[in-house]
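# Coordinate analysis (summary)
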Amino acid sequence: MRKTSRRDFLKGTVASVIGGSIITNVKAEAKTVTEADFGIEKKVPLLCHMCAQLCPMIATVSQNKVVRIEANMDTPYGGICGRGRAAMGALYDPDRIKTPLIRIGERGEGKFRKASWDEVLDLVAGKLKTIETENDQKSVAFLPRFNSAPGLDSEFFKIYGTPNIPGYGDTCFANSLTVGLSAIIGGKDASGVPDQSTGAISSDYENAKFGILLQRNPGGGLVCHAWGRMFGLGKKNGMQIAVVDPRKPSEAGESDAQWVPIRPGTDAPFLMGIMHEIFKNRFFDLDYLKKYTNADMLINVATGLPAQIRQIEKEEKGKSVKVLDYLVVSDGVVTFKSEAKNATLFGSFDVEIEGVKIACKTSLEMIQQSVEHCTPEWTQEQTSIPATSIVQLAKKLNDTKPACFIDRGYRAERYASSLREKLLITQINVLLGTLGVKGGVFYNRSVKTAKYIHVPHATDMSIPQWYLKNDPSSAFMSDHYYRRTWIKTVLSEKPYKQRVAIFSGQNIVGGSAGSGEIIKALKTLEMIVAISPFLNETIMYADIVMPDCTFLERDEAINTSYKSPIPTIGVNRKAVEPMYDSKDGYCIIMQLAKRTLKAEVFEQYFGEFEREGIMSLWKKQYSKLSGLNDAEMATIPPLESILNGRIWVGEKHYGIKAKGTPTGKIELYSTYLAKKRAELQERGYDRAEYASPLPMNNKPYWLEKKTKLANHEFIPITGFHPLGSFTGQQTKNNTLLQTLHHDTNADAVFINHQKGITLGLKTDDIVEIINIDKPELVVKARVILSEVVHPDALFSYYGMGAGYFRNMTKGLRNVSKIGLNPNHIANFAFNPLTTGHSSQDFIISIRKSV
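Computed from a prediction, not measured in an experiment: that's the story for all the values here.

The helix and strand tally for the protein stands at 29 helices and 29 strands. Compactness check: the protein gives a C-alpha radius of gyration of 27 Å against a globular reference of 29 Å for 850 residues, within 12% of the reference. Projected onto its principal axes, the C-alpha positions of the protein cover 95 × 70 × 55 Å. Scored against the burial criterion, the 850 residues of the protein give a buried share of 63%. Summarising the internal contacts of the protein: among those between residues at least 6 apart in sequence, 73% fall at separations of at least 24.

Here we take up the nonpolar core. In a soluble, globular protein the nonpolar side chains are often hidden away together inside. Ranked by size, the top nonpolar core spans 139 residues in total, and within it F270, F476, W486 and L522 carry the most contacts. Residue contributions to this core peak at eight residues, all from helix 9 (residues 267–280). In contact with W486, other than residues within four places in its own chain, are A141, L143, P166, I463, Q498, A501, F503, I508, L522 and L525. The next biggest cluster of nonpolar side chains, apart from the first, holds 54 residues, and it includes V120, F156, V447 and L592.

Inspection of the entire model under this criterion finds 42 salt bridges. Residue D555 pairs with R573 through a salt bridge whose shortest N-O separation is 2.9 Å. Here R573 lies in the loop between strand 22 (568–569) and helix 19 (585–596) and D555 lies in the loop between strand 21 (544–547) and strand 22, a separation of 18 residues in the sequence. The class for R573 is partly exposed, based on a relative accessible area of 21%. Residue E679 is joined to K676 by a salt bridge in which the shortest nitrogen-to-oxygen separation is 3.4 Å. In this pair, E679 and K676 both sit in helix 24 (residues 671–682), three residues apart, roughly one turn of the helix. Look at the salt bridges and you will find they share partners, linking K127, E134, D136, K138, R499 and E526 into a network.

A separate point is the packing of aromatic side chains. Note on aromatic pairs: each is described by the distance of the centres and the angle between the planes. If you walk through the whole model with that rule in mind, you get 26 aromatic pairs. Ring geometry for F173 against Y481: centres 5.0 Å apart, planes inclined by 80°, an arrangement best described as edge-to-face. Of this pair, F173 sits in the loop between helix 5 (153–160) and helix 6 (176–185) while Y481 sits in the loop between helix 15 (463–470) and helix 16 (483–492), placing them 308 residues apart in sequence. A relative accessible area of 3% places F173 in the buried class. A relative accessible area of 24% means that Y481 is categorised as partly exposed. Members of the aromatic cluster, joined through ring pairs, are F142, F156, F157, F602 and F606. Sitting above the plane of the F795 ring, R247 keeps its charged end 4.2 Å from the centroid.

Here the focus is helix 15. Buried within helix 15 we find I463, P464, Y467 and L468. Buried positions in helix 15, seen along its axis, are confined to an arc of 130° and lie on one side of it. The inward-facing, buried residues of helix 15 abut helix 16.

Turning our attention to the domain arrangement of the protein. When the domains of the protein are assigned, the result is domain 1 (101–172 + 450–649), domain 2 (201–445 + 665–691) and domain 3 (701–848). Distance from the C-alpha centre of domain 2 to the C-alpha centre of domain 3: 32 Å. Listed as interface residues are 27 residues of domain 2 and, on the opposing side, 32 residues of domain 3. Carbon and sulfur atoms supply 57% of the area that domain 2 and domain 3 bury against each other, a total of about 2,500 Å² over both sides. Taken together, the links from domain 2 to domain 3 amount to two salt bridges. The closest approach of N and O atoms between E704 and R687, which form a salt bridge, is 3.0 Å. Remark: the boundary between domain 2 and domain 3 carries 20 residue pairs in polar contact (both at pLDDT 80 or more). Sorting the residues of the side of domain 2 that touches domain 3 by element identifies helix 7 (218–221) and helix 14 (418–431) as the ones contributing at least two each. Sort the elements by how many residues they give to the side of domain 2 that touches domain 3 and helix 7 lands first, with three residues.

When pLDDT is averaged along the protein, the result is 92; 94% of the residues meet or exceed 70. Taken as a whole, residues 1–31 scores under 50 in pLDDT and shows 29 contacts with residues more than four places along the chain or in a different chain.

Before going further, it helps to spend a moment on helix 12 (residues 376–383). Looking only at helix 12, the buried set comprises P376, W378, T379, Q382 and T383. Within helix 12, the buried residues cover an arc of 155° as seen down the axis, which keeps them to one side. Residues E377 and E381 are exposed on helix 12 and point more than 90 degrees away from its buried face. Looking at the buried positions of helix 12, the neighbouring elements they touch are helix 9 and helix 13 (387–400).

Rules used throughout
- Residues numbered from 1 in each chain as written.
- Predicted model: local features only at pLDDT ≥ 70, side-chain atom pairs only at ≥ 80, totals over all residues.
- Heavy atoms only, no water.
- Helix = DSSP H or I, 4+ residues; strand = E, 2+ residues; numbered from the N terminus.
- Rg over C-alpha atoms; globule rule 2.2 N^0.38 Å.
- Buried < 20%, exposed > 50% of the residue type's maximum accessible area, 1.4 Å probe, protein only.
- Contact = heavy atoms within 4.5 Å.
- Core = buried A, V, L, I, M, F, W, Y, C linked by side-chain atoms within 4.5 Å.
- Salt bridge = Lys/Arg side-chain N within 4 Å of Asp/Glu carboxyl O.
- Phe/Tyr/Trp six-rings, centres within 6.5 Å; stacked < 30°, edge-to-face > 60°.
- Lys NZ or Arg CZ within 6 Å of the ring centre and 35° of its normal.
- Arc of directions from axis to C-beta.
- Domains from an automatic or database assignment.
- Buried area = accessible area lost by both parts, 1.4 Å probe.
- Polar contact = N/O pair within 3.5 Å; in protein donor to acceptor, adjacent residues only side chain to side chain.
- pLDDT = per-residue confidence, 0-100.

In structure tokens form, the structure reads like this:
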């Protein structure tokens, strides 16, 4: 990746502004003097889309051009990162998709001709109407990501009749992160699978004394608003950090962060080792466990299920709710929890139920016994972490509790063991009494707005509904994040055939593990449509490409979904008109809807928007806000204030509570998991223990294959680059970031220095990287020998390398032409139960390129 000179930068800027043409010898013309000539500037509120987190910021517009971007500080956690500040580089990217395109070559070649909007819209609408006449709408899938028409786009496809809107989350957080939290604190999706949103909780960085980061890169992975700002405030306030990771993220602070190198994929045994020390030294919070959890529940040892339960009603916030009442031992007597005065937390008991004597233990006793063998020495053998470090970290948690945390991370889907890791993190935070407590882990709060369109219920079974019913290995899959299972359906035609895919901002080829199989699936489809401002790997296989405009060129729905401890309301406004022949998502969806739906159906759902525009959406959203207390509601400003750039914020609350578990308690021992494990065992599923509510050392796939790697073998780990956007070209091809990408070796791979020397390598050598299961896929990358990478790991910044399927780089002037994207060469594998991708769970070998 070459550096950008001042001349290159100026040339790129000029080309961007005038659409790629260099105009010379043009006679200067006198022009009308306007207010812009006197330095008049306009401030426009934005919600940043340079990654997915929508941090509030302000664009300064002069003479109809964005000239500056800064943070919107109208919030306690205001701030933006380098990605956001470089948004102008995306807006004025000369390699943007400028016009609608129609494929003329083979899929994957990237050969297209220019087309008009009428031509591409008529082609897509015509295909949709043909499929509708065949009553086969379920064969159409809409795959949104970075989509630009929230409130209308998914709704249109549901009205059209497809039940299949596959989200991207199974290649990020779903469902290990959500099940690993919600099985213990509560919450479920429409299919009954535990489900809290990814922003449901946050570590209280700002007030914590100590925290452990697992698979967490603060500089790249903590969105600025509000996590990044909170983390910075925490460091300023004295928060100490231990980073347990195969690679030390330098963004955690070089001088005062303790780096604990760990073998890739062995987070579960590390956490079990910490739990062992908590029980051995009685570091747990006894009062917290008694008051808020089901640690006292009697469990049938033979089945793993509660010894006996009954349903009762109790009052909660003035409402009657039904919960499960369970057996406990109170003052030596077996009784139901609702009738107990002093329930026992530890012990083994023989309990007679309906004339049958059953061996029982309290749930806390069973959890304790499950980790008795996980001594520091055992943990060291599993993870390569010194036994002394396990003891020290557990003691540090105890010394600082409850103002401490183990961070649950974010991009969870990496290994077959990822669900277990997330469950253990939640269980340890509960044992320490940190959940809901200042300085520990607390519940985020958000506002809910009114729904603009109420769509009809789908008549066909969706793909996830079928898999949840018929495939035990998919028992915990998400009913809305399932793009990998959608690919499985395309290949297998189970439960039915897929014919059309419409990608709105999603890059499934670059962003999901097993790109080869994904491409094979895409090639079987009758039509592929891509809606995007930028090229990506998936667009190379599209038949029709529609140029979406960037977020700086469009108005959007009011947003209330932030990774923030305080409820927040903001909106993204259009700073400049759409450039070239691009259109915003609302325009695209409205045109598709008008061409596809019957006139009366269009009028019913979209007539108001056609007449009044996005203002009708804003008014409807703002007409009913919920999730706030009376004091907060009294401070809600007029809609016009929000549209003019105000960021409304509410209050930060702490509180210890469950959020809809079967027992109404924080379930340290998950009754949902216990029931599911029993069901999976009955169905003969060979990995039923992955659903156990007890601590288990579920191993990653690679460790099942090999307990020791050869000298030339590695596990490909990744982390977010501080100036990268997943696999998005808005940062990768960004002229403003090009030099910084070069200086941070964004496209390189990093291996342990000593191991590299034994392989005869030196920094800046070009190496060939091969998945040992797919030797035909060879990727070249520049290698950096590093002192802060575990010997078993090869690190790369996620999505920053060109990868194996790199045709699209020919049309991008600022991206690297080499480098690793592990997804391209990964196995098309699924994590047990959650169906997430095993993005780092395979073995690669490297050799020096000749």
